[in-house]
Structures are given as structure tokens and as C-alpha cells.
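Inside the fold
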Amino acid sequence: ASDTLLLDWQVVDFYLREDDQQRVWKFHYFTDSLLYDFSLSIGDSVEITDDLGLPCTLVVTQTDSLPLADMQPYRRLKLRSAGDPDGSFFGFVEWVEGMGSLYGPLYYGGFCATDFGESLLCFFQQGQRLYHDSERETCARFLTSITEATPSAAPIVYPNPSQGLLSISLPA
């Protein structure tokens, strides 16, 4: 596939479907996995599979409505990892009905395994921008220049080889 700028698109072999119970499923490599469950209430938990293929149990901590640019309220759920009781380590993920996660509609990025995350810049529906991250000036991200990193010393990895816990130390 390509666009009007003649950029190549990556083909992704998965399909999405929504059932009659407000759940969105992702079918990938002959496996159905739950992507969202908008029927949840505060205190409910749900198990999803993150982008790393790891099971991740999320707990709903808050629900409210998010008004988007079309002035319609969209149901929003705030969730945390079940392994992070106060959300202080992994943080929170927000699901918006009709839109998906504010990390991105199809993205969890190892939410239950790391504190790394990305954010959804904008969301369009039928050509209308309904959501724009208020902390960003634009919907596009462009890399204009980069400075090559020059490491002062190599990281220390031990024990090497390892069949268990591996430690990595970076020089100061």
C-alpha cells in the first residue's frame, strides 16, 4: 500500500472486530486477543496481551467522559497494572471508547513490563480531527537533525554467559 506522498506502508496482518459486549478484539496469527473492554466499571480487572506478547492484567481505577472536538462525550476508562497498586511505577493507561488507548489505538508498548510509553498525538474520524494532545503543538512529529552519541565507555554486562538474571551497568 502507499499514500499520495508515495511512501511505502507496512502491511500488518491483523484484523479488528467489536462484539456486542463493548469489547474490541485483535485477530493476529490465527489468535483472537482482547484489545479493549469498554463494559468495565471501577474495580473491574481485565487481562490483555501487550505488544511484547506478555499477559498484562489491568484494573479500572476511574471512569468519566472525555469531550472531543465534535462536542460529544466519549466514555474514558483509566486503568493501572494489577502489579502496581498505586500506579506509581508503570503509571496509568487511558482508554477512550470509539478511539482506543491514548498511547495509540493499537499500542500498549509493554505497559505492564516497562515505564516506557508513547502517546497518541491526534485522532481523526472521517477526516475530522476529534482529539489533539494538548501538550503537543502539532499532530506530526518530524526528526530534523540528530547528534551522534559517542559513548565514553562500554556498558558492563554480567554474568556473561547467563542462564538467569543478567545485570547491566552503565558508566557514569
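Here is what the cut-offs are and how they apply
Residues numbered from 1 in each chain as written. Predicted model: local features only at pLDDT ≥ 70, side-chain atom pairs only at ≥ 80, totals over all residues. Heavy atoms only, no water. Helix = DSSP H or I, 4+ residues; strand = E, 2+ residues; numbered from the N terminus. Buried < 20%, exposed > 50% of the residue type's maximum accessible area, 1.4 Å probe, protein only. Contact = heavy atoms within 4.5 Å. Areas by Shrake-Rupley, 256 points an atom, 1.4 Å probe, with all protein chains shown as cover. Core = buried A, V, L, I, M, F, W, Y, C linked by side-chain atoms within 4.5 Å. Pairing = 2+ DSSP bridges. Axes fitted to C-alpha atoms, helices over the stretch in contact; angles between N-to-C directions. Salt bridge = Lys/Arg side-chain N within 4 Å of Asp/Glu carboxyl O. pLDDT = per-residue confidence, 0-100.

Here we look at the overall build of the chain
- Scanning the chain from N- to C-terminus turns up 0 helices and 12 strands.
- Beginning at the N terminus, the succession of helices and strands in the chain can be written as β-β-β-β-β-β-β-β-β-β-β-β.
- Within the span of the chain, comprising 172 residues, buried residues form 30% of the whole.
- Put simply, of all contacts in the chain between residues at least 6 apart along the chain, 27% involve residues at least 24 apart.
- About 12,100 Å² of surface is accessible on the chain, with carbon and sulfur atoms providing 54% of the total.

A word on the nonpolar core
- Ranked by internal contacts, the top residues of the largest apolar core, which has 17 residues, are V46, L58, L79 and W95.
- Not counting residues up to four positions away in its chain, the partners in contact with V46 are L34, D37, L40, C56, T57, L58, L79 and W95.
- One finds M99, L102, F123 and L130 within the second-largest nonpolar core, a separate group that totals 10 residues.

Observations concerning the sheet that holds strand β2 (residues 23-28)
- Within the open sheet, the 3 strands sit side by side as β1-β2-β3. Their pairing is antiparallel. Pairing within the sheet leaves two strands with one partner each, and these edge strands are β1 (14-18) and β3 (31-37). Adjacent strand axes in the sheet meet at a mean angle of 25 degrees when their direction is disregarded.
- Pairing of β1 with β2, which is carried by 5 bridges, proceeds in the antiparallel orientation.

Side note on the environment of L16
- Tracing the sequence through the fold places L16 in strand β1.
- With 17 residues separating them in the primary sequence, L16 and S33 have C-alpha atoms 9.8 Å apart.

With respect to the environment of D86
- Here D86 lies in the loop between β6 (73-81) and β7 (92-96).
- Between the C-alpha atom of D86 and that of T61, which follows or precedes it by 25 residues, the distance is 9.6 Å.

What to know about the pattern of salt bridges
- Throughout the structure, instances matching the rule amount to 4 salt bridges.
- R23 is the salt-bridge partner of D19, the closest N and O atoms lying 2.8 Å from each other.
- For D19, a relative accessible area of 17% corresponds to the buried category.
- Look at R23 and you get partly exposed, because its relative accessible area is 22%.

Some thoughts on unusual backbone geometry
- A cis amide bond links Y158 with the next residue in sequence, P159, at an omega value of -15 degrees.
- Position of P159 among the secondary structure elements: in the loop between β11 (156-158) and β12 (167-169).
- Cis peptide bonds are those with omega within 30 degrees of zero, and the linkage from N160 to P161 qualifies with 5 degrees.
- Tracing the sequence through the fold places P161 in the loop between β11 and β12.
- Positioned with a positive phi, Q22 is a non-glycine residue whose angle comes to about 65 degrees.
- Tracing the sequence through the fold places Q22 in the loop between β1 and β2.
- Even without being glycine, M71 reaches a positive phi, approximately 65 degrees.
- Mapped onto the elements, M71 comes out in the loop between β5 (55-67) and β6.

Some details on the confidence of the model for the chain
- Across the chain, the average pLDDT comes to 77, with 76% of residues at 70 or higher.
- Per-residue pLDDT, averaged within each element of the chain, yields its smallest value for strand β9 (residues 122-125) (78) and its largest for β6 (91).

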